[in-house]
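Descriptive analysis of the structure
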Amino acid sequence: MVREKACKNCRRIVEGDICPMCKSTDMTRSWRGTVVVFDAESEIAKGMNVKAAGRYVIEVK
Ligand SMILES: [Zn+2]
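Residues numbered from 1 in each chain as written. Predicted model: local features only at pLDDT ≥ 70, side-chain atom pairs only at ≥ 80, totals over all residues. Heavy atoms only, no water.

This brings us to the overall build of the chain. From N to C terminus, the chain includes 1 helix and 5 strands. Start at the N end of the chain and walk to the C end: the helices and strands fall as β-β-β-β-α-β. A compact globule built from 61 residues would reach a C-alpha radius of gyration of about 10 Å, and the chain, at 11 Å, matches this within 12%. Principal axes of the C-alpha set define a box for the chain whose edges measure 30 × 20 × 20 Å. Carbon and sulfur atoms make up 50% of the accessible area of the chain, which amounts to about 4200 Å² in all. In the chain, which carries 12 positive and 8 negative side-chain charges, the distance between the mean positions of the two groups comes to 5 Å. (Helix = DSSP H or I, 4+ residues; strand = E, 2+ residues; numbered from the N terminus. Rg over C-alpha atoms; globule rule 2.2 N^0.38 Å. Areas by Shrake-Rupley, 256 points an atom, 1.4 Å probe, with all protein chains shown as cover. Lys, Arg positive; Asp, Glu negative; His and termini not counted. Charge placed at Lys NZ, Arg CZ, Asp CG, Glu CD.)

Structure, rendered in structure tokens:
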């Protein structure tokens, strides 16, 4: 099983220690809710301020 973390900066779910989106290394394993963004142009993505498709957490703790 892959160990996943969430970037505290942009809330993207990442595998590894560096976020591929914002290059942050500030990760957490505690979050509430996840959302899959298929289209970065969708209203969901805009509402979450997401710039790329992927999996994101709704709220980091
Ligand atoms: Zn990030």
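Attention shifts here to the coordination of the zinc ion. The coordination sphere of the zinc ion, as far as protein atoms go, consists of Cys7 (SG), Cys10 (SG), Cys19 (SG) and Cys22 (SG), spread over 2.2 to 2.3 Å. Metal-centred angles of 102 to 119° between the 4 donor atoms at the zinc ion mark the site as tetrahedral. Residue classification places Cys10 among the partly exposed positions, given a relative accessible area of 22%. By relative accessible area, Cys19 is classed as buried at 0%. (Donors = N, O, S within 2.8 Å, 3.2 Å for Na, K, Ca; no water. Tetrahedral: all angles 85-135°; square planar, octahedral: opposite > 155°, others 65-115°. Buried < 20%, exposed > 50% of the residue type's maximum accessible area, 1.4 Å probe, protein only.)

A separate point is the pattern of salt bridges. Enumeration over the complete set of coordinates arrives at 3 salt bridges. In this structure, the salt-bridge partner of Arg55 is Glu4, at a minimum N-O distance of 2.7 Å. In this pair, Arg55 sits in strand E5 (residues 54-60) while Glu4 sits in strand E1 (residues 4-7), placing the two residues 51 residues apart along the sequence. The class of Arg55 is partly exposed, set by a relative accessible area of 35%. (Salt bridge = Lys/Arg side-chain N within 4 Å of Asp/Glu carboxyl O.)

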